[in-house]
Amino acid sequence: MSSLLEARNVYEDFEVETDILFFKVGDHDLVIFHGRNYNIKKRMTAEQLNRLVSNPSYYHVYGGCYVNLNKISSIEDDCIYFGEMGLYAKTVRVPRRKQEGIRHLLRSLSS
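Only a predicted model underlies this, so the values are computations on that prediction, with no experimental measurement involved.

Enquirer: Quick rundown of helix α4 (residues 96-110)? Include the residues and the values.
Expert: With 15 residues, α4 extends 22 Å between its outermost C-alpha atoms, agreeing within 8% with the 21 Å of an ideal straight helix rising 1.5 Å per residue. Of the residues making up α4, those classed as buried are Lys98, Gln99 and Ile102. Down the axis, α4 shows its buried residues gathered within 105 degrees of arc, on one side only. Facing away from the buried side of α4 by more than 90 degrees, the exposed set consists of Arg97 and His104. Those residues of α4 hidden inside the fold are in contact with β4 (58-62), β6 (72-76) and β7 (79-82).

Enquirer: Give me the lowdown on the nonpolar core, citing residues and values where you can.
Expert: Membership of the largest hydrophobic core comes to 14 residues, with the highest contact counts inside it found for Phe22, Val67, Ile72, Ile80, Phe82 and Ile102. Looking at this core, the elements with two or more residues in it are β4, β5 (65-68), β6 and β7. Among all residues touching phenylalanine 82, those that are not within four sequence positions of it are Leu21, Phe22, Val67, Asn68, Lys71, Ile72, Ser73, Lys90, Thr91 and Val92. Listed in part, the twelve residues of the second largest apolar core include Phe23, Val31, Phe33 and Leu49.

Enquirer: Could you give me a rundown of the pairing of strand β3 (residues 39-43), with the residues and numbers involved?
Expert: Direction of pairing for strand β2 (residues 30-34) relative to β3: antiparallel, over a ladder of five bridges. Its bridge partner lying in β3, valine 31 is registered against lysine 42.

Enquirer: How would you sum up the sheet that holds strand β8 (residues 90-93)? Please name residues and give values.
Expert: Strand order in the open sheet made by the three strands is β6-β7-β8, with antiparallel pairing throughout. Two strands bound the open sheet, and with one partner strand each, they are β6 and β8. Put simply, the sheet's adjacent strands are angled 25 degrees from each other on average, direction ignored. Where β6 lies against β7, four bridges are found, and the strand directions are antiparallel. Paired with glutamate 76 across the two strands is cysteine 79, which belongs to β7. With respect to the sheet, α4 is in contact with β6 and β7, its orientation differing from that of β6 by roughly 145 degrees.

Enquirer: Can you lay out the sheet that holds β2 for me, pointing to particular residues and giving the numbers?
Expert: The five strands are arranged β3-β2-β1-β5-β4 in an open sheet whose pairing can be described as antiparallel. Of all the strands in the sheet, just β3 and β4 have a single pairing partner and so form its edges. Going from strand to strand, the sheet's axes swing by 25 degrees on average, the running direction of each strand aside.

Criteria and thresholds
- Residues numbered from 1 in each chain as written.
- Predicted model: local features only at pLDDT ≥ 70, side-chain atom pairs only at ≥ 80, totals over all residues.
- Heavy atoms only, no water.
- Helix = DSSP H or I, 4+ residues; strand = E, 2+ residues; numbered from the N terminus.
- Expected span 1.5 Å × (residues − 1).
- Buried < 20%, exposed > 50% of the residue type's maximum accessible area, 1.4 Å probe, protein only.
- Arc of directions from axis to C-beta.
- Contact = heavy atoms within 4.5 Å.
- Core = buried A, V, L, I, M, F, W, Y, C linked by side-chain atoms within 4.5 Å.
- Pairing = 2+ DSSP bridges.
- Axes fitted to C-alpha atoms, helices over the stretch in contact; angles between N-to-C directions.

In C-alpha cells form, the structure reads like this:
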C-alpha cells in the first residue's frame with residue numbers, strides 16, 4: 001500500500017529539478033514532463049513556464065524540448081541518455097551543434 005502512495009505522490013508532487021529528466025512544451029501552455037518511468041502532462045501559466053525554461057538546470061535542445069543537465073548520463077550517437085544505456089533507456093535526440101554546448105556545461109557542473 002505504501003508503494004502506491006509513493007507512486008501517487010510522484011504524479012502530484014514531483015520536483016522539477018530532481019525528478020524530471022526532460023520536458024517538452026506543447027500547444028496552449030501544456031508541458032509534458034518525462035521522469036524515469038512516467039510522463040506527466042500539466043498546464044502551466046505563462047509565468048510558471050517562463051520560470052521553468054529559464055531554470056539553469058535545463059538546457060534547450062530543440063523546439064520545445066529541454067533536458068535536465070543534472071540527469072544526463074552520457075551523450076552518444078546523437079542521443080542524450082538518462083541512466084543506463086540500453087533498449088529501454090530514456091533518450092532524447094540532440095542536434096550535433098548542441099552537443100558541444102551540453103558537454104561544456106556538464107564539465108563545468110562536475111568541476
